[in-house]
Each structure stands twice: as C-alpha cells, then as structure tokens.
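# Descriptive structure summary
Below are the chains, spelled out letter by letter.
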Amino acid sequence: MGKGTRTFVIFAVLLSVILFGSVVYLVWSKYDKTQYLSDISTFFYNDQQTPIYATYDDVTTIITHEGGTQDNYPKLYYYLTVRPIRAWLGADESQEPIILARTTGETILVYPTDSVDEGIVCLMRGNHLVHYKVSIISLWSNLKKGVSADGFGEVKNTVTDERVEGTEMKNGWVYTFISIAVVVIIVLALMVIAYAVWTKYDVTTYNHALSCLLFSDSDAPFVATYNGVSTSISHLENVKKIDYYLRVSPRRVWLGADKGGEPIVLEFGKEGTVTVYPQRSEDRVLVCIETAKQHAQYSIKANNIWNNLQRAISPEGWSIHPNEITKP
C-alpha cells in the first residue's frame, strides 16, 4: 500500500469516526433535551399540591398557580425551556441565583450570565448536577419578574418568610470528570482531523513547489553544489532521480534538525534554493526549501538516500547521463 493510499485510508477512517460520533452526539443531544424538558415539566406540574418557593435577593415568594394559561407557572416554564443547550462547564456560582424549590426536595437554580438574554439552569438528575443554557430576549428580567411578589400581570405571588432549601446542589466529581473528558476528546478529535487535513495540504504544497523548481520551463539548468564541486543538472534522468528521492514520505520538521554536515545545495537561479543536509543515518536527510511561497524544512527517509543523492549530482550522474562541471 503506497503512502498516498495509506494517507487516504487513515483520513477516511478518521472522517468516518467523526461522522459516526457526530450522529451519536446529535441523537444524544435530542434525547438529552427531551429529558431536560421532562425534568422541568415534572418540577412544575407533577405535584401541584406542593407549592413552589422562589428565592431571589433574600426575598422568598410562593409561586401562584391558578390553573390558567396566564399565571406564573406556564410563564416560568416557558422561559426555562427556550432552546436549552447542555452547558458542560457549569455556571458562575459567584453570581446570585434564583432558587426554585419544593418541600419534597426538588430544586432548580438559575444563574445569570454576562448576557441579560441568557441564563444557566442547574438541576439534579439522579446523583449528579446538570447545567443547561437557555436564551431569549430579556430572559433574566422576565425571570425576576416571574418570581417577584407582583408576578406576571394580575397574578401575584405570595411573599413568605419561609424558605425551602431543597436538594443540596453539589456536582459529583465522577460526572464532572466525564464531562470534561468528553469535551477534551471532542477537541482532540477535531485537532487530529485538522492536523491530518493540514498535513495533506502541506505535503501537496511542498511537492508542487519542488515540481516548479525541478521541471520549470526555463532552458537554463539548475546547479548542484557539494564539497566544493558544482555541476549543472541538465539531463532528465538525473532530475528524475533527484525528484524521486526528495519526495519520499516528506514530514514537516518544526524545531530544526542536525545541520552540521556539508549540505548539497540545489540552486534554481532566482526561483529558489533547496538545501539537503545529511543526518546521522544515511537513510535520512533534512530538506530545506526556499521559494517565494515556500520556506520550510522536511525530513525525508529512504534507503541509502544520502549516497544516492550524491550520485545523482556527481559529474558522472546516473547511468550514461553525466552532469556538466561548472565549478571544479
């Protein structure tokens, strides 16, 4: 299997994993949103004999529910269920929340955000705390109005000194760890895909720049210099050999490599320069390419590559195609 085929297979597998993961995430998000709406509905309507106590700014009110569509229950329910999105990183607990609680122990906390049109709803699900972001114009002011003594419209809430604490809202460390892990995995997966795409583009750019230098339309040959000897590479056979070895599995090198040895310098007039440095292994070289559009270095690995490149630029060249010495 060639390098191009392997790269395509790896990219196809990664893309398939991401697409499958995206489908799973979309299905889960739909289920999660449905579960959230069910939780809020249960809180407001499952036990209408037990009142809801709302506390904000040290004032506690009993939320009025008369069974009509204009009372405070459906209004608050509406604002807490507008476009809910799971918020993985929780809420800013330094802010003062609106606390909705029943004497049965059910509790909902609503935290403000930097936007007056958004809020973070926190509720207990089983043994862990979940957070959702809801958003609508003037959300926070409407929520404060809904839990105030005046309530919405003519339906007023009852101010009381009694305050229901409800469930202790603590996030389990296991759930927190899982939530963070999911976010990290998604981010890493996206980074892997982005890196794979960029690597493919980068190698394509390198190969294109190399082709433009080696096979330009200019009649003037390029000059290769090594160990004080310069040769003019004019025969296509030698150019093809150099081209072949400089394209074997190129990998971008970011932090530099060993440049201590005597390099092979390929000069293409004003078009650019390719400098090839030997490495500790004769099967590996460092290629530095400099053109108007490409300034980068790549690690190339192939069997006996350093000796083969020397042979391609030597006066004898490959086979019956010698190079012309321009500078002894």
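The sections below set out a description of the structure shown in this document. Only a predicted model underlies this, so the values are computations on that prediction, with no experimental measurement involved. (Residues numbered from 1 in each chain as written. Predicted model: local features only at pLDDT ≥ 70, side-chain atom pairs only at ≥ 80, totals over all residues. Heavy atoms only, no water.)

### Some words on the pattern of salt bridges
Inclusion rule: The working definition used for a salt bridge is a side-chain nitrogen of Lys or Arg within 4 Å of a carboxyl oxygen of Asp or Glu. What counts as a helix is a DSSP run of H or I of at least four residues, what counts as a strand is a run of E of at least two, and both are numbered from the N terminus. Buried means the residue's accessible area, taken with a 1.4 Å probe over protein chains only, is under 20% of the maximum for its type, while exposed means over 50%, and partly exposed covers the values in between.
The full count for this structure, using the stated rule, is seven salt bridges. Ionic pairing is found between R125 and D32, a salt bridge with its closest N-O pair at 3.4 Å. One end of the pair, R125, is in strand β6 (residues 118-125); the other, D32, is in helix α1 (residues 3-45), and 93 residues separate them in sequence. On the accessibility criterion, R125 (16% relative accessible area) is buried.

### Digging into the pairing of strand β14 (residues 284-291)
Formally: Criterion used throughout: strands pair if DSSP finds at least two bridges between them.
Of all eight residues that make up β14, six are buried, and the element is covered over most of its length. Two elements, strand β13 (residues 272-278) and β14, share seven bridges in a ladder whose sense is antiparallel. Residue pairing for β14: T275 is matched across the bridge by C288. Here β13 folds back onto β14, and the loop between the two strands holds five residues. Note: β14 against strand β15 (residues 295-301), seven bridges, orientation antiparallel. Considered in β15, the bridge of R284 is made with K301. Where β14 folds back onto β15 in an antiparallel hairpin, the turn is made up of three residues.

### Digging into the layout of surface pockets
Let me state the cut-off plainly: The way it works is a 1 Å grid over only the protein atoms, where trapped points that fit a 1.4 Å probe form a cavity and open points with protein on both sides within 12 Å along at least five of seven lines form a pocket, and then any residue with an atom within 4 Å of a point lines it. Grid points are joined across faces, edges and corners, and a volume is the space filled by probe spheres set on the points. Residues were grouped as follows: Ala, Val, Leu, Ile, Met, Phe, Trp, Tyr, Cys and Pro as nonpolar; Asp, Glu, Lys and Arg as charged; and all remaining residues, including Gly, as polar.
Empty space within the second largest pocket amounts to approximately 450 Å³. I18, G21, S22, Y25 and I186 are, among the 16 residues lining the second largest pocket, the residues nearest its centre. Looking at the lining of the second largest pocket, the elements that each hand over two or more residues are α1 and α4 (173-214). In terms of residue count, α1 provides more of the lining of the second largest pocket than any other element does, eight residues in total. For the lining of the second largest pocket, the residue count by class is 14 nonpolar, two polar and no charged.

### Re the side chain of R102
Condition: When charges are tallied, Lys and Arg are placed among the positive residues and Asp and Glu among the negative ones, while His and the ends of the chain are skipped. The criterion used for residue contact is that any of the two residues' heavy atoms lie within 4.5 Å.
Mapped onto the elements of the fold, R102 is located in the loop between β4 (98-101) and β5 (107-112). Despite its burial, R102 remains without a salt bridge, the nearest opposite charge being carried by E106 at 4.5 Å. Setting aside residues no more than four positions away along its own chain, R102 makes contact with F43, F44, Y45, D47, T50, P51, I52, Y73, V164 and G166.

### Quick look at the packing of helix α5 (residues 236-245) against helix α6 (residues 305-313)
We apply this condition: Helix axes are fitted to C-alpha atoms over the stretch in contact, other axes to C-alpha atoms as well, and angles between N-to-C directions run from 0 to 180 degrees. Put simply, angles under 35 degrees are roughly parallel, angles over 145 are roughly antiparallel, angles from 65 to 115 are roughly perpendicular, and the rest are oblique. In a left-handed crossing the near helix is turned counterclockwise from the far helix by less than a right angle, and in a right-handed crossing that turn is clockwise.
One can describe the packing of α5 onto α6 by two numbers: an axis separation of 9 Å at closest approach and a directional angle of 155 degrees. The orientation of α5 relative to α6 falls into the category roughly antiparallel. In the packing of α5 onto α6, the handedness of the crossing is left-handed. Touching N238, K241, I242 and Y245 of α5 are I305, N308, L309, A312 and I313, all from α6. For the contact of α5 with α6, the class distribution of residues is six nonpolar, two polar and one charged.

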